[in-house]
Each structure stands twice: as structure tokens, then as C-alpha cells.
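# Survey of secondary and tertiary structure
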Amino acid sequence: AGSIVAVIGCGKHEEIKELRELASALTLQLAERAEVRFITPALERKQGSSEGASSQVTSLHLWPFLQAIRGVSVIVGSGGYNTVHEARATGTRLIACPRSRLYDRQDRRLRRQEKVLTIADMHVSVVAAVEQAWAEGPRRVTSYPNGATEAVAAIEALYI
């Protein structure tokens, strides 16, 4: 498989379940072209038969995700602050379905090319992105600026 697709499972239980099911469907469909991983910040509680088809997908309990983002070709998730800004900082392709939140305007944060409106649209967009990545060849691992390094330099400039 050529690409790595990271499906980020965060938010409400229903949203996590929906994204886990998407990851499972993508795992089956993209088996020849991509490795699909379901990334979640914490261990999930098993909910009866909800595991079913989802057992096909490999889950990683990883947070923060930034530590593993360099090897990822496509990030799939919602429009949460961390997901969006980590994808942009590293130049990683993002396909996101904004979620309604009381104090977060995910819809406004996402750019037109990042945003899909339904999980079905997300599925189609991910498959297209993997096909495009397959045609382009291996993704070059890029470096990105480290905010901590820049912060130390700015602080040192004040005292030197």
C-alpha cells in the first residue's frame, strides 16, 4: 500500500462511531492502495455490537497526533482546532466534515478544498485523494516550523 490515511475519531460518541465505520469501509475499499488507521485520543468503551465491521480497521490510541503526522498522506476528521492547524502546519491533505459545537465554528475554520458536508462525500473525497496520491508517487516527508524553537529565539532576542 502506498498511502496512509488517518481517520481521527474525536467528539461525541455518535461521531466517533461514524468515523470508525468510515475507517472500516475505507480499509476494505483501499486495501491495495492505502493503509487506513483509526486514530483516537483515548481508549474507547466497547458498545455491544458496534464493533462488528469496524474490527477490520486498526485503531491507534495516540495523542497528540502531531507526533505521527509526518508519515500520513491524508487526514480525515472534523474541523477541530488541533486537527486543522496540525494538518496545515505540516502540509498534510485534510478532508473534514465540520461538526456543530456550542463554542467552536468548525465550518468557518475549514477552507473550501478541505470541507465536505456528509460522511458519504467524505468517503468519495478520501478515495479520490488516495487515487491522486497513488498517481503522484511517494509523498516527500517535509519539515515544518517548530513553534517552541521560534518562541525561545524570540525570548532570547529580548535579553541579548
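Just so we're clear, the structure is a prediction, and the values are computed from it rather than from any experiment.

Before going further, it helps to examine the packing of helix α1 (residues 13-29) against helix α4 (residues 119-136). Their axes nearest at 11 Å, the elements α1 and α4 cross at an angle of 35°. Helix-helix and strand crossings are classified by hand; for α1 and α4 the assignment is right-handed. Residues E18, L19, L22, A25, L26 and Q29 of α1 form the contact with α4, whose participating residues are I119, M122, H123, V126 and V127. The residue makeup of the contact of α1 with α4, split by class, is eight nonpolar, two polar and one charged.

Next up on the list: the pairing of strand β1 (residues 3-8). β1 sits mainly inside the fold: five of its six residues count as buried. Where β1 meets strand β2 (residues 34-40), six bridges bridge the pair, whose relative direction is parallel. Residue pairing across strands places A6 opposite R37, the latter belonging to β2. Taken together, β1, α1 and β2 form a β-α-β motif whose crossover is right-handed. Here β1 pairs with strand β4 (residues 74-77) via three bridges, running parallel. Bridge assignment links V7 to a residue of β4, and that residue is V76.

The rules we used
Residues numbered from 1 in each chain as written. Predicted model: local features only at pLDDT ≥ 70, side-chain atom pairs only at ≥ 80, totals over all residues. Heavy atoms only, no water. Axes fitted to C-alpha atoms, helices over the stretch in contact; angles between N-to-C directions. Helix = DSSP H or I, 4+ residues; strand = E, 2+ residues; numbered from the N terminus. Left-handed = near helix turned anticlockwise from the far one by under 90°. Contact = heavy atoms within 4.5 Å. Nonpolar A, V, L, I, M, F, W, Y, C, P; charged D, E, K, R; others polar. Buried < 20%, exposed > 50% of the residue type's maximum accessible area, 1.4 Å probe, protein only. Pairing = 2+ DSSP bridges. Right-handed = clockwise from strand over helix to strand, strands pointing away.

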